[in-house]
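# A structural walkthrough
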Amino acid sequence: MRFPALVVAAAVGSAVAQRPSNTSICDYYTTALLKNNTAAHQKALLTLVVNTAVIGNYTTPNVGIKVPGILTAGEYNGTAVDLLPYFSGGLASSNAGGSSGVSVNFLDGGGAAPLTKSLPADDMNSRQYTLLTHLYEIFGALLGCSLQGGDQFSTYNGHASMYSVHKFMDLSAADVGYFITQVGLSAASFGVADADVTAVGKALNSAFGYRCSPEETIIPSQGPQLQAICTDDTCPEATNATCSSYGIAVEPKNATSTSGASSNGSATGTSPNTSSTSSPTVGNTASAIGMSFVVAAAGFFAAFL
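This one's a predicted model, so the numbers in the text were calculated from it and none came from an experiment.

### So, the confidence of the model for the protein chain
- Looking at the protein chain as a whole, its pLDDT mean stands at 81, while 78% of the residues score no less than 70.
- The low-confidence segment residues 1–10 (pLDDT under 50) makes 26 contacts with residues lying over four places distant or belonging to another chain.
- Note that residues 257–305 has pLDDT below 50 and, in this model, 152 contacts with residues that lie over four places away or in other chains.

Shown next as structure tokens:
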């Protein structure tokens, strides 16, 4: 969906008023930023937040918070983080149903270029299109989009267990901490209040952020599933942990352009700028996210397929 940045720009900066406790984050900020709370506008809001989290700032103006983006290498609490290979096929980390991970290129729908136009991809048949639209949908569910579920903003119907999707990624606390920081910076860049940015982090962390967490229902129609995606030893263990339900985390191998690819995947493809950056200066909002939600999860829904 293309949504003119100037429409959003008119509301940015005024969206940080107190959100009523009986109004969801999605519904409140759809109205605050896009004026009319419709299913199409709810999807537009999630598109803006997710696309900015993935590639960094692309709407002008915003409230002045810099978002480096998930696909840009950086540091988290002194640990180097580079998430691009999980998306580009640089690592054999995707679950295609076998006993080990395979390389899949999730940037096969134009890479960053369509995201700068508030689109998920330039090819509706690409893995990138499926990944990004699934991201919009699962964030819509977590943030309480009340009008989600019709043609204008569909309900998530991908794999029910996020652990199963991410089991070969061996994600660390730094990996998911960096990812969630970008999500929080993205939300804050559109004027989302600190308290609500923190609430987003709590929702993600509660759903996905603890090693060996018991089954939990994320999408009601899918029922309880194993959802932990932070699986290496740096991840905090959940209360009532059920580690016997999870496999042993193994670091994914590097992939090449000719090996490790899935039957319909590629190890190489169009990718956005990935120049390394130092640890972003993120101010109070990101500090709240980074320190409180070191293992929060969105990290990376990089295979909501």
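Still more ground to cover, so stick around.
### What about the side chain of Ser186?
- The topology assignment puts Ser186 in helix α8 (residues 173–189).
- With a relative accessible area of 0%, Ser186 lands in the buried category.
- Within the local environment of Ser186, its side chain forms a polar contact with the backbone oxygen of Val49, the two atoms lying 2.6 Å apart.
- In contact with Ser186, not counting residues within four places along its chain, are Leu48, Val49, Thr52, Ala53 and Val67.

### Quick word on the state of the cysteines
- In the structure shown here, the tally under the stated rule is 3 disulfides.
- In this model Cys26 forms its disulfide with Cys145; the gap between the sulfur atoms is 2.0 Å. Measuring the twist about the S-S bond at about 95°, one finds the Cys26-Cys145 disulfide to be right-handed. Here Cys145 lies in the loop between α6 (127–142) and α7 (162–166) and Cys26 lies in helix α2 (residues 25–34), a separation of 119 residues in the sequence.
- Its relative accessible area of 1% is what places Cys26 among the buried residues.
- In this model Cys230 forms its disulfide with Cys235; the gap between the sulfur atoms is 2.0 Å.

How each quantity is defined
Residues numbered from 1 in each chain as written. Predicted model: local features only at pLDDT ≥ 70, side-chain atom pairs only at ≥ 80, totals over all residues. Heavy atoms only, no water. pLDDT = per-residue confidence, 0-100. Contact = heavy atoms within 4.5 Å. Helix = DSSP H or I, 4+ residues; strand = E, 2+ residues; numbered from the N terminus. Buried < 20%, exposed > 50% of the residue type's maximum accessible area, 1.4 Å probe, protein only. Polar contact = N/O pair within 3.5 Å; in protein donor to acceptor, adjacent residues only side chain to side chain. Disulfide = S-S within 2.5 Å.

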